[in-house]
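Listed below, chain by chain, are the residues.
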Amino acid sequence: MTLWLGVLLASVAVYSWKIFGYLVPERVLHSSMMSRIATLLTVALLSGLVGIQALVSNQHIGLDARIPALVVAVILLRFKQPFIVVVCVGAAVAAMIRLF
Amino acid sequence: MNGKGTVLSTSIGVGFAVGLYGISFGALSVAAGLDFWQTQVLSLLMFSGGSQFAFIGVIAAGGVASAVPAILSAWLIGVRNGFYAIRLNSLIGVTGLTKLLSAQLTIDESTAVATSQNEPKNQKLGFWLTGAAVFLFWNSFTALGALLGTAVGDPSRFGLDAAAAVAFLALVWPQLRTMQANVVAGLAFLVAVVLSPVLAAGLPVIAAGLVGVVFGWRNWLGVTEVNK
């Protein structure tokens, strides 16, 4: 599969949920179990991605400058800093550590 | 109270604030190996931050070879939009072909602004204005980020790899309000990392997602619902 095909298929896949919601009767997905699964699935996928982006490179687990960046991010998030600030400071922390 | 004016300023404010982090998406997408136009098309067509970050996150780890798990991750993260759409369908009253457009603008922010209004007229206005504002800002800033990312070159020199981890953390952070969500997050984190050396790139994320499905299905550590 080419990357272009992947981009287009993934876009269609994401759109399918959106349009699906407008076409089905409300009761279909209106169960507490379904909405719980939807919420926790999102939490789990994003958390898995945090782990992979922070600790894995080329299928090897290792610790590097990304960890201090993540620790600083946790502190900033606790103080309710906006997304863009947290991301920029996180990047800066890792870049500085690699510089010295 | 001028409800209309408030809706307008809220919509533009939300659109700008959210749009800003399109810069980080654009830069990270280019660092993950997508080109400028692939990055831009994701923001135009997929238009759902969590799914877009997931897609490029999996591609960053495994390249084109992990396109299938990348598609799957983006799709699964997008499931919540389906729930928003069900809610909005009865709230903003769209019919016919307009549904195709409202579906595209159905995201966290447009839903949040629409549902936080009291009057039906403002709910509708809030949805369309916020959806349009986020769409414009998100796409413009994606382009800017992609150009910056291309100019930067080696992503790790500027900490862009760390920014990716931080971006996912910031996306999940607001949802970690219950014990259940925190345990799921911790377990999913571990599952993804531990399985990374043994499974093909992309699959560990899917395995992490299963943790959420199982906890949601069995409602482990969840609150017992008294009424349906």
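From a predicted model like this one, the values you see are computed outputs, not experimental measurements. Sequence positions are assigned chain by chain, starting from 1 and proceeding in written order. Whichever chain is written first becomes A and whichever ligand is written first becomes 1, with later ones labelled in order. Residues qualify for local features only when their pLDDT is at least 70, as the model is predicted, and side-chain atom pairs are given and counted only at 80 or more; totals for whole chains, interfaces and linings, by contrast, use all residues. Computation of side-chain values: all heavy atoms of the structure, hydrogens and water removed.

Caption draft 1: Here's a closer look at the overall build of chain B. Helix numbering and strand numbering both begin at the N terminus, where a helix is a DSSP run of H or I of at least 4 residues and a strand a DSSP run of E of at least 2. Summing up its helical and strand segments, chain B has twelve helices and zero strands in all. The secondary structure elements of chain B, listed N-terminal to C-terminal, are α-α-α-α-α-α-α-α-α-α-α-α. Restricting the calculation to C-alpha atoms gives the radius of gyration, and the globule rule supplies 2.2 Å times the number of residues raised to the power 0.38. What you see for chain B is a C-alpha radius of gyration of 19 Å, in line with the 17 Å of a compact globule of 228 residues. For chain B, the spread of C-alpha atoms along the principal axes amounts to about 55 × 50 × 30 Å.

Caption draft 2: Examining the overall build of chain A more closely. Scanning chain A for helices and strands turns up four helices and two strands. Order of helices (α) and strands (β) in chain A, N terminus to C terminus: α-α-β-β-α-α. For chain A, the spread of C-alpha atoms along the principal axes amounts to about 60 × 40 × 25 Å. Only protein chains enter the accessibility calculation, which uses a 1.4 Å probe. A residue is then buried if its area is under 20% of the maximum for its type, exposed if over 50%, and partly exposed in between. When burial is assessed residue by residue, chain A has 50% of its 100 residues classed as buried. Note on definitions: a residue-residue contact is assigned when non-hydrogen atoms from the two residues lie within 4.5 Å. When contacts within chain A are restricted to residue pairs at least 6 apart in sequence, those whose partners lie at least 24 apart make up 28%. Only the protein chains shown count as cover for residues, and all accessible areas are computed by the Shrake-Rupley method using a 1.4 Å probe. Only carbon and sulfur atoms are counted for the fraction: they give 73% of the accessible area of chain A, which is about 5000 Å².

Caption draft 3: Layout of the layout of surface pockets. Only protein atoms enter the 1 Å grid used here. Points where a 1.4 Å probe fits but cannot escape make up a cavity, open sets with protein on both sides within 12 Å along at least five of seven lines make up a pocket, and a residue lines them when an atom lies within 4 Å of a point. Grid points are joined across faces, edges and corners, and a volume is the space filled by probe spheres set on the points. Taken as a whole, the second largest pocket encloses approximately 540 Å³ of empty space. If you go around the second largest pocket, you meet 28 residues; those closest to its centre are Q53(A), V56(A), R66(A), A60(B) and A61(B). Of all the secondary-structure elements, those providing two or more residues to the lining of the second largest pocket are α2 (32-55) and β1 (56-57) of chain A together with α2 (22-31), α4 (49-62), α10 (160-172) and α12 (203-218) of chain B. With six residues, α4(B) is the largest single contributor of residues to the lining of the second largest pocket. Basically, the charged four are Asp, Glu, Lys and Arg, the nonpolar ten are Ala, Val, Leu, Ile, Met, Phe, Trp, Tyr, Cys and Pro, and anything else, Gly included, counts as polar. Here the residues of the lining of the second largest pocket are counted per class, giving 18 nonpolar, eight polar and two charged.

Caption draft 4: Expanded view of the domain arrangement of chain B. All names here are of chain B. Structurally, chain B comprises domain 1 (3-158) and domain 2 (176-222). Averaged C-alpha coordinates put domain 1 and domain 2 at centres separated by 24 Å. Facing eight residues of domain 1, the contacting portion of domain 2 comprises five residues. Once two parts are brought into contact, the accessible area they lose, counted with a 1.4 Å probe and summed over both, makes up the buried area. Both sides of the domain 1 and domain 2 interface together cover about 400 Å² of buried area, and 84% of this is carbon and sulfur. Three residues, V58, P69 and S73, lead the burial of domain 1 against domain 2; their summed loss comes to 58% of the area buried on that side. Any carboxyl oxygen of Asp or Glu within 4 Å of a side-chain nitrogen of Lys or Arg constitutes a salt bridge here. Connecting domain 1 to domain 2 are zero salt bridges. Classifying every residue of the side of domain 1 that touches domain 2 gives five nonpolar, three polar and no charged. Residue ranges for the domains trace back to a domain assignment, done automatically or taken from a database.

Caption draft 5: Spotlight on the packing of aromatic side chains. Aromatic rings from Phe, Tyr and Trp, with only the six-membered ring used for Trp, were paired whenever their centres fell within 6.5 Å, and each pair was classed as stacked if the ring planes differed by under 30 degrees, edge-to-face if by over 60, and tilted otherwise. Per the stated rule, a full pass over the model turns up 15 aromatic pairs over all chains. An angle of 20° between the planes, with centres 4.9 Å apart, marks the rings of W17(A) and W75(B) as stacked. Of this pair, W17(A) sits in helix α1 (residues 3-23) while W75(B) sits in helix α5 (residues 67-77), each in a different chain. Classification of W17(A) by relative accessible area gives buried; the value is 17%. Overall, the relative accessible area of 30% leaves W75(B) in the partly exposed class. Judged by centre distance (5.4 Å) and plane angle (90°), the rings of F16(B) and F137(B) are edge-to-face. You can see F16(B) sitting in helix α1 (residues 3-20) and its partner F137(B) sitting in helix α9 (residues 120-152), a full 121 residues away along the chain. The class for F137(B) is partly exposed, based on a relative accessible area of 26%.

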